[in-house]
Amino acid sequence: MVEKRTPIPVMEAIQKVMKFAKEGEAEVVPLEEAYGRYLAENLQADHDVPPFDRSPYDGFAIRAADSALASLEHPIEFEVIETIGAGQVATKEVGPFQAVRIMTGAQIPNDCDAVVMFEVTNEYERDGKTYMSIKRSFRPGDNISFQGEDTKKGEVLVEKGTFINPGVQALLATFGYAKVKVAKKPKIGIFATGSELLDVSEPLAPGKIRNSNAYMIQAQAIRSGATPVYFGKLADDADQCFAAIERVLHEVDILITTGGVSVGDYDYLPVIYERLGAEVLFNKIAMRPGSVTTVAQIDGKLLFGLSGNPSACYVGYELFVRPVIRTMLYSSKPYLYKTKATLLSDFPKPNPFTRFVRSYVSAKEGQLYVSPVGMDKSNIVTSLAKANALMVLPGGTRGFAKGDLVDVWLLENEKGSAQ
Ligand SMILES: Nc1nc2c(c(=O)[nH]1)N[C@H]1C(S)=C(S)[C@@H](COP(=O)(O)OP(=O)(O)OC[C@H]3O[C@@H](n4cnc5c(N)ncnc54)[C@H](O)[C@@H]3O)O[C@H]1N2
Ligand code: MOO
Ligand SMILES: [Mg+2]
C-alpha cells in the first residue's frame, strides 16, 4: 500500500530545518582573495578617514582671516612660499598674507584653514617671488576635507556576515586588512540518483535523460556561498545508494541527493534514511513545486532529499538549503530577499498549496513588475534559465490577475531577508 504522507506548511518546514542551522568556521585569506566571500567579523575603522585635514582641490591654502577684506575692487595679495602635492607635508610656517600652493589630497598646512581653487586666483611673479591674489573672502573651513568626515575611528562600517563586494574590498584595504577573516565555505556533497540519468557528454538513448540537476545544484551551491563536492550519479539501487551515502557523509557539512524521495518503487531515499538511523524532519510540504522535498538529520548533519524534478529541485534548494548555508556564513538575513511586485499577466491556476512560480522581476519607473517565465510544472527545466525570482502565491487562493500585487523572493540579491 502506498505510504500516506501529511503535508506541513512551508514556513513550518523551513523552521524545522533552521533549528539545525549553525554558524560555520572562519578562515583567513589574503585581501586579493576576499572578494565574493563573507566577513567573519565586523569591519571596524581603526583610524579616522581621512586621517588628516586635506585639500579637496588644487589651489592655495591660506589663513582665512587674511582674506576678510578681499573684494572685486580690492584684491588681496598673498605670497606663495611653498608647493606641496598629495603625500607631502608643508615644511614652512605660514605667516600673514602668505599661502601654500597645494594639490588635491595634500595635508592642510598647520596655520591654514581654507583652500582657494586655482580658478579664482590670479598668479604672478614679482622680484623673483611668486604671488597670487583673490577678489573675495573665505571663511575658516572653506574647501577643507576634514579629518574623520568620511568615518570616525571605532565605527563599525560593515557587519559580520556581509558579502564582500568591491566596495567592502576598498574598505578592507583602507583599514589595512592585508588578511581578511572570512567564513569558511561549507562543503556540500551532491549525489544525483536515477537509473535514467546520462552523463552530460553521453548521447541520448531510449528512456534516458541527461543529468541536469547535479550541475544546477553545484551552481546554486556556489551562488549561495558554498563549495559543491559532486560525488557522481547513482543508479536506483538501495544498497548501492546506501553504501555511497554512508561512505561520504563524514566528508561534507551537508549532503544533497536529488530524486528518489517520492513513493515510487525505485524511490529509495526513505529506506536509506531509515538504514542510516537518520531522523526525518518532514517528507511532504504543502507547496508546489517541491512537495516531496525531504529533510533528515543525523547527529545534527542535514541530509536534503531534493526532488528529481528539476524545478522542484531548484526551489527546494533555494528554500531549504540556502538559508542554512547563509547562516553558516554568519548572515543575520539568510533567507531570499522578499519584496512585492505587480503581476504583468493573469495567473488563473488555483493554488491548493503555496506555489513558487519561477519568474522574472523587472523594474520600470520605480516600480517592480513580475511575470512567470515558463510553464509552471515541476518537471520543467527551461523556465529556470530565465528566472531571477520566485513569485509566491499562497495556498488556498483561486488564481491571480494582471495588476495584482504579489510577493516575490529574489534569487540574485545578496542582501537577503531576516525571515
Ligand atoms: N504517486 C505519486 N507519485 C508522485 C508523487 C506523489 O505524491 N504520489 N509526487 C510527484 C512529485 S510532486 C514529484 S516532484 C516527483 C518526485 O520524484 P522523486 O523525487 O522521487 O524523483 P524521481 O522519481 O527520481 O524523478 C522524478 C523525475 O525527475 C527526473 N530526474 C531525476 N533526477 C534528475 C536529474 N538529476 N536531472 C534531471 N532530471 C532528473 C526523473 O527522470 C523523473 O522524470 O514524484 C511525483 N510522483
Ligand atoms: O514535489 Mo512536486 O514538485 O510538488 O511536483
Ligand atoms: Mg520518484
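Just above, that's the structure.
Note that the structure is a prediction, hence the values are computed from the model and not measured. Sequence order as written defines the numbering, with residues in each chain counted from 1. Chain letters start at A and ligand numbers start at 1, both assigned in the order the entries are written. Local features in this predicted model are restricted to residues whose pLDDT is 70 or higher, and side-chain atom pairs enter the listing and the counts only when it is 80 or higher, whereas totals over whole chains, interfaces and linings include all residues. Computation of side-chain values covers all heavy atoms of the structure but excludes hydrogens and water.

Turning our eyes to something else, we now look at the sheet that holds strand β18 (residues 294-298). Read across the open sheet, the 6 strands follow the order β14-β11-β15-β19-β18-β16; overall the sheet is mixed. Of all the strands in the sheet, the pair left with one neighbour each is β14 (227-234) and β16 (279-282). Recorded for the sheet is a direction-independent mean angle of 20 degrees between the axes of neighbouring strands. Strand pairing is defined by DSSP finding a minimum of two bridges between the two strands. Numbering of helices and strands starts at the N terminus; helices are DSSP runs of H or I of at least 4 residues and strands are runs of E of at least 2. Inspection of the sheet shows strand β11 (residues 187-193) paired to strand β15 (residues 254-258) by 5 bridges, in the parallel sense. Residue pairing in the sheet places Phe-191 in a bridge with Thr-257 of β15. Working rule for contacts: check all heavy atoms of both residues, and any pair within 4.5 Å makes them a contact. Only the stretch in contact is used when fitting a helix axis, every axis being a line fitted to C-alpha atoms; angles between N-to-C directions are given from 0 to 180 degrees. Lying on the sheet, helix α1 (residues 10-18) is in contact with β16, β18 and β19 (301-306); it crosses β16 at an angle near 145 degrees. The sheet strands contacting helix α6 (residues 310-328) are β11, β15, β16 and β19, and the helix crosses β19 at an angle near 165 degrees.

On to the pairing of strand β8 (residues 129-134), then. The pairing of strand β4 (residues 76-84) with β8 spans 5 bridges and is classified as antiparallel. Considered in β8, the bridge of Phe-78 is made with Met-132. The sheet contact formed by strand β7 (residues 121-126) and β8 spans 6 bridges and is antiparallel. Directly across from Asn-122, in β8, lies its bridge partner Ser-133.

On to the packing of aromatic side chains. Side-chain rings of Phe, Tyr and Trp, where Trp is taken by its six-membered ring, are said to pair if the distance between their centres is within 6.5 Å; with planes under 30 degrees apart they count as stacked, over 60 as edge-to-face, and otherwise as tilted. All told, the structure shown has 9 aromatic pairs when counted by the stated rule. What links up through ring pairs into an aromatic cluster is the set Tyr-35, Tyr-38 and Phe-163. When the NZ atom of lysine or the CZ atom of arginine is within 6 Å of a ring's centre and also within 35 degrees of its normal, the charge is said to sit over that ring. Positioned above the aromatic ring of Phe-242 is the side chain of Arg-275, whose terminal nitrogen or guanidinium carbon lies 4.4 Å from the ring centre.

Attention shifts here to the side chain of Arg-5. Mapped onto the fold, Arg-5 is located in the segment before α1. By relative accessible area, which is 10% here, Arg-5 ends up buried. Whenever two N or O atoms come within 3.5 Å, that pair is a polar contact, provided that in protein one can donate a hydrogen and the other can accept it, and provided that, for residues adjacent in sequence, both atoms are side-chain atoms. A distance of 3.3 Å separates a polar side-chain atom of Arg-5 from the backbone oxygen of Ser-262. Beyond its immediate stretch of four places on either side in the chain, Arg-5 contacts Val-261, Ser-262, Val-263, Pro-270, Asn-283, Lys-284, Val-292 and Thr-294. Each residue is assigned to one of three classes by its accessible area relative to the maximum for its type, calculated with a 1.4 Å probe on protein chains only: buried under 20%, partly exposed between the two thresholds, exposed over 50%.

It is worth spelling out the coordination of the magnesium ion (ligand 3) at this point. Protein coordination of the magnesium ion (ligand 3) is provided by Asp-267 (OD) and Asp-267 (OD), with donor distances spanning 2.4 Å. By the secondary structure assignment, Asp-267 is in the loop between β15 and α5 (269-276). In this listing, donors mean N, O and S atoms no farther than 2.8 Å from the metal, or 3.2 Å for Na, K and Ca; water is missing from the atoms, so a site can look incomplete.

Regular strands place their side chains on alternate faces of the sheet. Counting buried residues in strand β5 (residues 98-102) gives 4 out of 5 residues, a clear majority hidden from the surface. Inspection of the sheet shows strand β3 (residues 59-62) paired to β5 by 3 bridges, in the antiparallel sense. Pairing of Gly-59 across the sheet is with Ile-102, part of β5. Note that β4 and β5 share 5 bridges and pair parallel. Within the sheet, the bridge partner assigned to Thr-83 lies in β5 and is Arg-101.

Right, let's get into helix α3 (residues 213-224). Over its 12 residues, α3 extends 16 Å from the first C-alpha to the last, a length consistent with the 16 Å expected when each residue adds 1.5 Å. Those residues of α3 that fall on the buried side of the exposure criterion are Asn-213, Ala-214, Met-216, Ile-217, Gln-218, Gln-220, Ala-221 and Ser-224. Packing partners of the buried residues in α3 comprise β11, β14, β15, β19 and α6. Phi turns positive one or two residues past the end of α3, at Gly-225, with a value near 105 degrees. By this rule the span expected of a helix is its residue count minus one, scaled by 1.5 Å.

Everything listed here is a matter of coordinates, which is why it stays silent on function.
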